[in-house]
Amino acid sequence: MSESGIGQSVKRKEDFRFITGAGRYTDDINQPRQTYAYFLRSPHAHARINDMNLDEARAAPGVLNIFTGEDVAKDGLGGLICGWTVHSKDGSPMKAGLHPILALDRVRYVGDHVAMVVAETYAQAKNASELIDVDYEELPASVVTATTTDKGSAQVHDEAPGNLCYDWELGNPAETETALKEAAHIVTLDLSNNRLIPNAMEPRAAIGDYDKGTGNYTLHTTSQNPHVARLVLSAFVGVAPEHKLRVIAPDVGGGFGSKIFIYAEETACVWAAAKIGRPIKWTAERIESFLSDAHGRDHVSTARLGLDPDGKFLGLHVKTKANLGAYLSTFSASVPTYLYGTLLSGQYDLPAIHVEVDGVYTHTAPVDAYRGAGRPEATYLIERLVETAAREMNIDPVDIRRKNFIRAFPHQTPVIMNYDGGDYEASLDKALELIDYEGFSARRTASEASGKLRGIGFSTYIEACGLAPSQAVGSLGAGVGLWESAEVRVNPTGNIEVLTGSHSHGQGHETTFAQLVSDRLGVPIDDIEIVHGDTDKVQFGMGTYGSRSGAVGMSAIVHALDKIEAKAKKVVAHLMEAAVEDIRFEDGIFSVAGTDKTMAWAELALAAYTAHGFPGSELEPGLKESAFYDPTNFTFPAGCHICEVEIDPETGVTRIVNFVAVDDFGTIINPMIVEGQVHGGIAQGIGQALLENGVYEPDSGQLLTGSYMDYTMPRADDLPNFSLGFTKTESPSNPLGMKGCGEAGAIASPPAIINAVTDALGVRTIDMPATPARVWAALQSAKQSNAA
Ligand code: MCN
């Protein structure tokens, strides 16, 4: 096996530039004659704009122009779109109000874009914005997920009466009700899934540029999917024709979903650059990221799980209200529906499921995909129910899972997904061994002796990722198919450029993708360049989200490599005067079967380009192939996370003392990178379970957690050492047998943590984040009810 091939923990090629400060992020780029934009944002959650006086601001030093929603409308630009259409129970499409680039007559959340000031310097633009006199007429706001559809709540969009965007359902209501009626035991839980604010290290940024001579626009932006951004900006918003717009997403410092979406700021920068006749740069201040990056989660649910007397699951009913915020962001409609309801079967043979979701508008920032998107919400719900059922029925949480695991594949769930393979027992067994489950009661006794409460919690999760199968996603409402593309260019000197439609913003594609090519062609990893993130260089591609770049992006490369190898063999056969069927290729060397004739990779590459034709054959010169890959199914990573906590009853502080994660990601290309992905995901899961919470003041709609002083990001000392393990069942839906790993940690870990906390406290449930204050309060009320 090659030292840099598949399965090797190759150090990340990209890290040299990142750790030496040589990365080139959007904010590092400066254009000649560059100007700066500042966006004046709404201080109100809901207000009518009666008038806006720009005179004083326009006269301020350095100001070049100020744009408002009226200017955008005058140019005939469309609003921002949602690329996924969800239908209500009655078959009607979701109700989407206009999502203007700059506000027209109304603002709908604190942070909504009111005007764009362009000036010579950023400070001048910001100072001038303070001189804009906006006559706001404040209106009542509807902020709270649970009550926004109540009668009399303030309306967010006239088009969506009662703030209902859609009422969607999936599964079989009658079968589920019958199953629940027949159940010997029903567990009912009211659960909320807290609002999260993404917080990538690099805030969003954009530089719009326009070349008068050619009529070409260029947008540098912090995007996870530059081609999709170009498509939306050209076909839907109408900023520029697609072939006249180049979108470049250079190094991007993390996205976690929040940089999939097409936002107002980048749209405005590229549009206004033509008006100013100079490049316009904007970089978000951290407070702007808090206010206007699309947030994640924010569900309230009631769920009922019915079981027979032995603890076998019979039916599940879920009713969820999902907060979509003030406007539909690019993928928002799909998150609480097809990325959520379809995973509610978990790892279990659950005969009947019915899920109903109300997607609701509120006067808060838009809510969209954030690491995991939909699947963490589903996993949280089902894993909390399962653990609670085990406790209520006095069954060991491990046994109740074993009793209900799916064991035969393919398995058709009642909620669309067809699981193609897996071995849930294997990951559970390995996790139990790693956590030393048998030793838990002794550890609990030891904790008690030192005045601490110890608890253990499980999460046997499954997710669907490798978001792609175009036919499947199309039938569920996606506006575009989600395949991926690749082009492999072999240069005459034998080194290789791979152009991929995937986008790396922390996942290490420059390394793992090169490992794949190195493994296949026997070319050293340093002779392989992964090119991505520039619509002028790379063919149309769909970008990175839904843990798809391995399973889908790399599979496209495999298909292009198949074609490269086939063509190379033809060239070798011609040059060696042998039959193509007799050409062998191994470790970068071609040979002719039954002879000692060989040809090295570099010789072949040179010959492919320098040959003066291939007389007597129809071969074309050159060695460059491309492929578009569209898988037949999602991939289904699954595994078992177990968390052990120790709680100080005096302070309510929870410490994670043991965390085990055993995951099945099929074939693993780079174990070190995969472990890093799992670590990052668990860190975010711990953040959600114990620390992070996006909170709006319920009446005024002010974001109370708009900075790191109030929004508690997990830090190193909040995290334990993770103990990781892997099991392997190859995915049958892609040629590498890979399953995505990028979101698993964030999906699996929150219920394991909350199951551990509730176990330690002996309470039925506690809301995320389980902060010391909440834990302490839960203990006090448990004490009071015990005393009563
Ligand atoms: N990989 C592997 N073997 C596997 C699966 C993956 O070696 N069986 C490697 C891949 O080649 C890739 C990495 O692991 O280098 C992640 O692959 P994959 O699971 O396919 O996920 P994507 O590359 O599509 O990345 C998206 C995913 C998502 S959806 C979010 S959100 C997220 C995540 O990745 N955002 C991230 N991880 C992130 N990591 C960083 N640092 N920054 C983000 O914004």
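Please refer to the structure placed before this passage.
What counts and how
- Numbering of residues starts from 1 in each chain and follows the order in which that chain's sequence is written.
- Only residues with pLDDT of at least 70 get local features here, since the model is predicted, and only at 80 or more are side-chain atom pairs given and counted; chain-wide, interface and lining totals rely on the full set of residues.
- As a rule here, side-chain values cover all heavy atoms of the structure and leave hydrogens and water aside.
- Here, any two strands with at least 2 DSSP bridges between them count as paired.
- Here a strand is any run of E in DSSP of at least two residues, a helix any run of H or I of at least four, and the numbering for each starts at the N terminus.
- To obtain each axis, a line is fitted to C-alpha atoms, and for helices this fit is confined to the stretch in contact; angles are then taken between N-to-C directions over 0 to 180 degrees.
- Residue contacts follow a heavy-atom distance rule, with two residues in contact if any of their heavy atoms lie within 4.5 Å.
- To form a nonpolar core, buried Ala, Val, Leu, Ile, Met, Phe, Trp, Tyr and Cys residues must be joined to one another through side-chain atoms within 4.5 Å.
- Partly exposed residues are those whose accessible area sits between 20% and 50% of the maximum for their type, while under 20% is buried and over 50% is exposed, using a 1.4 Å probe and protein chains only.
- Any Phe, Tyr or Trp ring, taking Trp's six-membered ring, that has another such ring centre within 6.5 Å forms a pair; planes under 30 degrees apart are called stacked, those over 60 apart edge-to-face, and the others tilted.
- Note on geometry: a ring has a charge over it if NZ (lysine) or CZ (arginine) is within 6 Å of the ring centre and within 35 degrees of the ring normal.
- To be near a molecule or strand, a residue needs just one of its heavy atoms within 4 Å of it.
- Under this definition, polar contacts are N or O atom pairs within 3.5 Å; protein pairs additionally need one hydrogen-donor-capable and one acceptor-capable atom, and for neighbouring residues in sequence, both atoms have to be side-chain atoms.
- Note on areas: Shrake-Rupley, 1.4 Å probe, and residue coverage restricted to the protein chains presented here.
- Each residue is assigned to one class: nonpolar for Ala, Val, Leu, Ile, Met, Phe, Trp, Tyr, Cys and Pro, charged for Asp, Glu, Lys and Arg, and polar for all the others, Gly among them.
- How far each domain reaches was decided by an automatic or database domain assignment.

Visitor: I keep staring at the sheet that holds strand 12 (residues 280-283) and nothing clicks. Help me out?
Guide: The strands that make up a sheet are held in pairs by hydrogen bonds between backbone atoms, and each pair lies either parallel or antiparallel. What the seven strands build is an open sheet, ordered 3-5-1-12-9-10-11; its pairing is mixed. Among the strands making up the open sheet, the edge pair consists of strand 3 (63-68) and strand 11 (245-248). When the angles between neighbouring strand axes are averaged without regard to direction, this sheet yields 20°. Where strand 9 (residues 205-211) lies against strand 12, four bridges are found, and the strand directions are antiparallel. Bridge pairing in strand 12 links Gly208 to Ile280. Across the sheet, helix 4 (residues 122-129) is in contact with strand 1 (35-41), strand 3, strand 5 (113-119) and strand 12; its angle to strand 1 comes to roughly 25°.

Visitor: Please explain the nonpolar core as it appears in this structure.
Guide: Inside soluble globular proteins, nonpolar side chains tend to come together where they are buried. Grouped together as the largest cluster of nonpolar side chains are 169 residues, with contacts concentrated most on Met116 and Val757. The element contributing the most residues to this core is helix 18 (residues 744-761), with ten residues. Filtering out sequence-adjacent residues up to four positions away, Met116 remains in contact with Ala37, Tyr38, Phe39, Asn65, Ile66, Phe67, Leu102, Ala268, Cys269, Ala272 and Ile280. Core analysis: the second largest hydrophobic core is formed by 48 residues, Val498, Ala514, Ala551 and Val558 among them.

Visitor: How do you make sense of the packing of aromatic side chains when you look at a structure like this?
Guide: For any two aromatic rings, the description comes down to two numbers: the centre-to-centre distance and the angle of the planes. For the structure shown, the criterion picks out 25 aromatic pairs. A ring pair is formed by Tyr109 and Tyr327, whose centres lie 6.2 Å apart and whose planes are at 70°; its orientation type is edge-to-face. With a gap of 218 residues between them, Tyr109 in the loop between strand 4 (106-107) and strand 5 and Tyr327 in the loop between strand 14 (313-325) and strand 15 (352-361) connect regions that are remote in the sequence. Where Trp168 meets Tyr338, the ring centres are 5.2 Å apart and the plane angle is 75°; that geometry is what we call edge-to-face. Taken together, the positions of Trp168 in strand 7 (residues 164-171) and Tyr338 in the loop between strand 14 and strand 15 put the pair 170 residues apart, joining distant regions of the chain. Here a set of aromatic residues connected by ring pairs shows up, and it is made of Phe313, Tyr348, Phe405, Phe409 and Tyr424. In this structure, Arg204 is placed above the aromatic ring of Tyr263, and the distance from its NZ or CZ to the ring centre is 3.6 Å.

Visitor: Got a minute to help me understand the site of the ligand in this structure?
Guide: The environment of the ligand is formed by 33 residues, the closest being Gly255, Gln507, His509, Gln677 and Cys741. Interatomic distance of 2.9 Å between a backbone N/O atom of Phe256 and an oxygen atom of the ligand. Lys739 is positioned such that a nitrogen or oxygen atom in its backbone is 3.2 Å from a nitrogen atom of the ligand. Protein chains shield 96% of the accessible area of the ligand, which is 830 Å² for the free molecule. Counting only elements with at least two residues in the shell around the ligand, the list comes to helix 14 (509-521), helix 15 (549-576) and helix 17 (671-691). Split by residue class, the shell around the ligand holds ten nonpolar, 19 polar and four charged. Both of domain 2 (299-468 + 633-787) and domain 3 (483-629) provide at least three residues apiece to the shell around the ligand.

Visitor: Teacher, can you tell me more about the sheet that holds strand 6 (residues 133-138) here?
Guide: Across the sheet, which stays open at both edges, the three strands sit in the order 4-2-6 with antiparallel pairing between neighbours. Of all strands in the sheet, those bounded by a partner on one side alone are strand 4 and strand 6. With six bridges joining them, strand 2 (residues 47-53) and strand 6 adopt antiparallel strand pairing. Bridging from a neighbouring strand, Ala47 pairs with Glu138 of strand 6.

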